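# Remarks on the overall topology
The lines below spell out each chain.
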Amino acid sequence: MHLDINAKLSTLLALTAENEVVEFKEAKNSYDFTKLGKYFSALCNEANLKGVPAAWLVLGVNDRRQVVSSNFRLARKDLDHLKGEIANKTTNHITFVEIHEVRRPKGRVVMLEIPAAPRGLPVSFDGHYYGRDGEELGPLNLEEIERIRAQSTVDDWSAVIVPEAGLADLDEAAVAVARRNYRAKFPDKAAEVDGWDDPTFLNKAKLTIKGKQTRASLLLLGREETEHFLLPAEAKIRWLLKDHAGNDRDYALFGMPMLLAVDKVYAKIRNLKYRYIREGTLFPEEIDQYEPYAIREALNNCIAHQDYTLASRINVVEREESLSFTNKGSFVPGDVQRVVMEDAPEEHYRNRFLATAMFNLKMVDTAGGGIRKLFMYQRQRFFPMPDYDLSGNRVQLTLTGKVLDMDYARMLARHGGLALPDIMALDKVQKRQALTADEERRLKSGGLIEGRKPNYFIAKSLAQQTGQKASYSKNLAFDKQYYLDLICKAVKEHGSLARKDIDELLWNKLPDWMDDKQRRIKVGNLIAELRKKQRIVNQGSDTRPAWALVSP
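Residues numbered from 1 in each chain as written. Predicted model: local features only at pLDDT ≥ 70, side-chain atom pairs only at ≥ 80, totals over all residues. Heavy atoms only, no water.

Tallying secondary structure elements over the protein gives 21 helices and 19 strands in all. Out of the 552 residues belonging to the protein, those deemed buried represent 48%. Here the protein has roughly 27300 Å² of accessible surface; of this, 49% comes from carbon and sulfur atoms. (Helix = DSSP H or I, 4+ residues; strand = E, 2+ residues; numbered from the N terminus. Buried < 20%, exposed > 50% of the residue type's maximum accessible area, 1.4 Å probe, protein only. Areas by Shrake-Rupley, 256 points an atom, 1.4 Å probe, with all protein chains shown as cover.)

Dropping the structure here:
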């Protein structure tokens with residue numbers, strides 16, 4: 001349904017006062033980003049608690065609900081960029097539904113449409129939850145946090161009882177493996193477990209509820225032919241093998257019981273040996289491409305956190321040097337880096353009942369730390385850090401099974417004391433990925449990187465200590481005068497030079513971080529400067545220039 005934004009503004013201006021889901025700010029020229037983020041979190045959470053689909057932060061209106069006009073981010077591209085800036089600081093990368101601009105006789109109004117927090121998931125800004133008490137902004141109180149979180153208990157897909165299903169619908173082999181895993185998880189109960197019958201064991205392992213089968217028990221232990229009990233959910237894992245060109249080479253589909261499907265998928269993956277270039281005693285000569293724990297952890301996380309209401313399968317894509325694991329649904333913790341750095345238990349689970357059962361069967365670690373272990377295993381191999389893609393309402397984890405940059409690997413090997421946050425940030429540098437402002441500040445203050453945003457490279461001090469001296473010098477540009485003098489010297493020697501000649505002259509002398517487009521622009525700027533200073537002149541045409549020295 002199309003929103004009449006002018007009519008909506010009139011409705012908001014007609015309010016007798018601000019409330020928990022509407023806030024007016026003058027913002028005549030600008031507005032502090034941190035304050036804006038706090039209001040985003042507060043209005044998100046209050047919209048959830050009030051049961052409304054959206055809240056509003058209106059800029060260009062005073063407390064008396066009079067339009068005073070706002071110059072906040074006049075360029076539309078700057079307004080749109082605000083969506084990403086907020087998403088980078090909020091739970092699950094939640095951002096504005098839309099940012100509207102309205103022109104009124106008294107000036108411009110910017111209306112920020114803020115979605116209600118998802119059911120069961122309070123929204124934080126920069127790691128803190130905010131709320132409103134009338135018009136006042138402040139921390140979201142504990143009762144409100146728990147009220148939002150309690151919504152997920154009611155909606156836990158995995159805890160729903162399936163009355164038509166019974167003990168006969170479970171796979172006997174899966175139940176036997178479940179018993180073995182439970183004993184291994186709780187060795188002090190091993191003797192006791194052997195005396196339990198199957199209904200007692202399933203209740204104790206939190207798979208069933210008072211002897212009744214749940215979606216969780218069927219998903220993990222159910223016979224393949226009972227998948228109809230879970231429809232429209234698709235309880236399947238697809239393994240796909242691709243060649244170097246991205247063509248499909250092989251595939252397989254695995255269904256219930258998921259407890260056994262994990263081993264079947266694992267058996268399909270070709271965990272080959274990776275051989276290092278021998279570097280004294282710094283590296284082992286060969287190692288598995290992927291830590292077995294990492295493969296199982298990634299698979300089990302997909303099962304535990306899949307949004308089964310979206311009726312999609314879990315995908316495992318194997319390429320020559322990487323593995324990708326994809327499950328549908330948002331990344332509940334919101335921020336991968338926070339999970340890795342804090343190494344703390346999750347505050348919320350999409351399928352809490354399922355996650356508890358998987359913990360009891362030794363499939364996942366609900367005490368936290370699983371994702372952090374993935375990063376640590378990659379670090380031990382000197383491989384790139386795991387990559388998470390959280391776009392498109394899905395979570396895709398990619399593990400790389402090779403060294404991307406041997407110089408970077410040497411740095412990790414020789415500097416074992418580097419903190420994990422610095423390693424994760426330096427990993428972005430080797431992948432040519434953008435750094436956050438905090439990462440830039442930390443790496444620069446630690447003398448770990450040099451260069452200009454976004455083209456950072458390993459700093460000189462590290463380069464000298466880790467055998468990257470040549471690489472450092474290639475990244476560091478010569479003084480501009482060197483390039484100017486080099487062009488003039490070559491023009492004098494040959495009488496004239498075409499543009500392609502000047503490109504060839506300078507191409508490999510420009511910094512390694514520059515791509516082809518940046519190199520072409522740099523060379524063009526150097527030629528333009530010499531022409532402007534009347535040191536060279538074009539004796540050819542615009543399409544086929546021939547640059548010669550200007551006569552004294």
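Pairing is mixed across the open sheet formed by four strands, whose spatial order is β1-β2-β4-β3. At either end of the open sheet lies a strand with only one pairing partner, and these are β1 (22-25) and β3 (98-104). The mean angle between the axes of side-by-side strands here comes to 20°, regardless of whether they run parallel or antiparallel. Pairing of β3 with strand β4 (residues 107-115), which is carried by seven bridges, proceeds in the antiparallel orientation. Bridging from a neighbouring strand, Arg104 pairs with Gly107 of β4. Of the strands in this sheet, β1, β2 (54-59), β3 and β4 touch helix α1 (residues 5-13), which is tilted by about 80° from β3. In this fold helix α2 (residues 33-50) packs onto β1, β2 and β4, with an angle of close to 150° to the strand it touches most, β2. (Pairing = 2+ DSSP bridges. Axes fitted to C-alpha atoms, helices over the stretch in contact; angles between N-to-C directions. Contact = heavy atoms within 4.5 Å.)

Let us look at the nonpolar core. In this structure, Phe201, Leu220, Leu221, Ile237, Ile303 and Phe325 are the most contacted members of the largest nonpolar core, which totals 61 residues. Per-element accounting of this core gives the leading share, seven residues, to helix α10 (residues 292-305). For Leu220, the residues in contact, after removing those within four places along its chain, are Ala174, Leu207, Pro257, Met258, Leu259, Ile303, Leu354, Ala357, Met358, Leu361 and Met363. Judged by nonpolar contacts, the second largest core, of 40 residues, contains Phe24, Trp56, Leu59 and Tyr130. (Core = buried A, V, L, I, M, F, W, Y, C linked by side-chain atoms within 4.5 Å.)

Our focus in this paragraph is unusual backbone geometry. Each neighbour pair has its own omega, and for Leu231 with Pro232 the value is 10°, a cis peptide bond. Here Pro232 is to be found in the loop between α8 (215-221) and β8 (237-242). Across the junction of Met256 and Pro257, the peptide omega takes the value 0°, indicating a cis bond. Structurally, the position occupied by Pro257 is in the loop between β9 (248-254) and α9 (258-268). A positive phi angle, near 55°, is found at Asp126, a position not held by glycine. Structurally, the position occupied by Asp126 is in the loop between β5 (124-125) and β6 (128-133). Within the chain, Gln534 stands out as a residue other than glycine whose phi angle is a positive 60°. Structurally, Gln534 can be placed in the loop between α21 (516-532) and β18 (536-538).

Quick look at the environment of Ile314 now. Looking at where Ile314 falls in the secondary structure, it is placed in strand β12 (residues 314-318). Through-space distance from the C-alpha of Ile314 to that of Ile237 is 4.7 Å; in sequence the pair is 77 residues apart. Among residues more than four places away in sequence, those in contact with Ile314 are Lys236, Ile237, Arg238, Cys302, Ile303, Gln306, Thr326 and Asn327.

Within a regular strand, the side chains alternate between the two sheet faces. Two elements, β8 and β9, share six bridges in a ladder whose sense is antiparallel. Its bridge partner lying in β9, Trp239 is registered against Ala252. Connecting the antiparallel pair β8 and β9 is a turn made up of five residues, with Gly246 showing a positive phi of about 90°.

Before going further, it helps to examine the packing of helix α13 (residues 370-381) against helix α15 (residues 420-430). The interhelical angle for the contact between α13 and α15, taken along N-to-C directions, is 70°, at an axis separation of 12 Å. If you check the angle between α13 and α15, you find them roughly perpendicular. When you trace α13 past α15, the crossing you get is left-handed. In this structure, α13 uses Arg372, Phe375, Met376 and Arg379 to contact α15, whose residues at the interface are Leu420, Ile423 and Met424. Split into classes, the residues belonging to the contact of α13 with α15 amount to five nonpolar, no polar and two charged. (Parallel < 35°, antiparallel > 145°, perpendicular 65-115°, else oblique. Left-handed = near helix turned anticlockwise from the far one by under 90°. Nonpolar A, V, L, I, M, F, W, Y, C, P; charged D, E, K, R; others polar.)

Of the residues in the protein, 88% reach a pLDDT of 70 or more, and the chain-wide mean stands at 86. Helix α18 (residues 469-475) is the least confidently modelled element of the protein, averaging 43 in pLDDT, while α8 averages 97, the highest of any element. (pLDDT = per-residue confidence, 0-100.)

The next thing to look at is the pattern of salt bridges. With the rule as written, the count across this model stands at 29 salt bridges. Two residues, Glu85 and Arg73, come together in a salt bridge whose shortest N-O distance is 2.9 Å. Here the residue Glu85 occupies a position in helix α3 (residues 76-87), and Arg73 occupies one in the loop between β2 and α3, the gap between them amounting to twelve residues. Residue Arg73 is classed as partly exposed on the basis of its relative accessible area, which comes to 22%. As a salt-bridge pair, Arg76 and Glu101 come within 3.4 Å of each other at their nearest N and O atoms. Remark: Glu101 occurs in strand β3 and Arg76 occurs in helix α3; sequence separation between them is 25 residues. For Arg76, a relative accessible area of 30% gives the class partly exposed. When salt bridges with common partners are traced through the structure, they connect Arg76, Asp80, Lys83, Glu98, Glu101 and Arg108 into a single cluster. (Salt bridge = Lys/Arg side-chain N within 4 Å of Asp/Glu carboxyl O.)

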